[in-house]
Amino acid sequence: MSPLRLFIIGCLIYIVYRLLTGGRRKKIRAARQAPGAAGKVVQDVLVEDPVCHTLIPQQQAVKLHHDRKMVYFCSNKCCETFLKQKGKGAEE
């Protein structure tokens, strides 16, 4: 075998090695930079606004107790719209 072929085969083997182990090293490096972030569990839940049907994180939502039930809204405007609609329904 010529030295050029040996060099090309060596380069190909090195490239395959880097492809196989490169992802593992990135994960290890990311875990070292942010300890505790790798195993962190998400604590927030998405809730649906009953007026505009937007999904919003529960902790960021505007909350309203209505008929012994918690209702979540994306904004104060949707909350006011909901109260107006429920007020019209009660009058009829």
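Residues numbered from 1 in each chain as written. Predicted model: local features only at pLDDT ≥ 70, side-chain atom pairs only at ≥ 80, totals over all residues. Heavy atoms only, no water.

If you tally the helices and strands in the protein, you get two helices and four strands. Buried residues in the protein amount to 13% of all 92 residues. Accessible surface, the protein as shown: approximately 8,100 Å² in total, 59% of it carbon and sulfur. (Helix = DSSP H or I, 4+ residues; strand = E, 2+ residues; numbered from the N terminus. Buried < 20%, exposed > 50% of the residue type's maximum accessible area, 1.4 Å probe, protein only. Areas by Shrake-Rupley, 256 points an atom, 1.4 Å probe, with all protein chains shown as cover.)

Let's shift gears to the nonpolar core. Formed by Leu64, Val71, Phe73, Cys78, Cys79 and Phe82, the largest nonpolar core amounts to six residues. Elements that contribute at least two residues to this core include exactly β4 (69-73) and α2 (76-91). Element by element, the count of residues in this core is highest for α2, at three residues. Ignoring any residue separated from it by four or fewer positions in sequence, one finds Leu64 in contact with Lys69, Met70, Val71, Phe73, Cys79, Phe82 and Leu83. (Core = buried A, V, L, I, M, F, W, Y, C linked by side-chain atoms within 4.5 Å. Contact = heavy atoms within 4.5 Å.)

As for its position among the elements, Thr21 is in helix α1 (residues 3-33). The class for Thr21 is buried, based on a relative accessible area of 14%. Side-chain polar atoms of Thr21 contact the backbone oxygen of Tyr17, separated by 2.9 Å. (Polar contact = N/O pair within 3.5 Å; in protein donor to acceptor, adjacent residues only side chain to side chain.)

A cluster of nonpolar side chains, contributed by Leu4, Phe7, Ile8, Leu12, Tyr14, Ile15, Tyr17 and Leu19, occupies part of the molecular surface with about 900 Å² of accessible area. Mapped onto the fold, Phe7 is located in helix α1. (Patch = residues over 30% accessible without salt bridge, like charges linked within 9 Å, V, L, I, M, F, W, Y side chains within 5 Å. Salt bridge = Lys/Arg side-chain N within 4 Å of Asp/Glu carboxyl O.)

Direction of pairing for strand β3 (residues 62-66) relative to β4: antiparallel, over a ladder of five bridges. In the sheet register, Leu64 faces β4, and the bridge partner there is Val71. Between β3 and β4, which pair antiparallel and follow one another directly, the connecting turn spans two residues, one of which, Asp67, has a positive phi of 50°. (Pairing = 2+ DSSP bridges.)

Here the focus is the packing of aromatic side chains. Inspection of the entire model under this criterion finds one aromatic pair. Ring centres of Phe73 and Phe82 lie 5.1 Å apart, and the angle between their planes is 55°; this geometry places the pair in the tilted category. Across the pair, Phe82 and Phe73 agree in class, each one buried. (Phe/Tyr/Trp six-rings, centres within 6.5 Å; stacked < 30°, edge-to-face > 60°.)

Even without being a glycine, Asp67 presents a positive backbone phi close to 50°. Mapped onto the elements, Asp67 comes out in the loop between β3 and β4. Backbone geometry at Arg68 places phi at a positive 60°, although glycine is not the residue there.

Here Asp49 is to be found in the loop between β1 (46-48) and β2 (55-57). Although buried, Asp49 forms no salt bridge, and the nearest oppositely charged side chain, Lys77, lies 11 Å from it. A polar contact of 2.7 Å, which involves the side chain of Asp49, links it to the backbone nitrogen of Val51. Residues in contact with Asp49, not counting those within four places in the same chain, are Thr54, Tyr72, Phe73, Cys74, Ser75 and Cys78. (Lys, Arg positive; Asp, Glu negative; His and termini not counted.)

In short, geometric facts, not functional conclusions.
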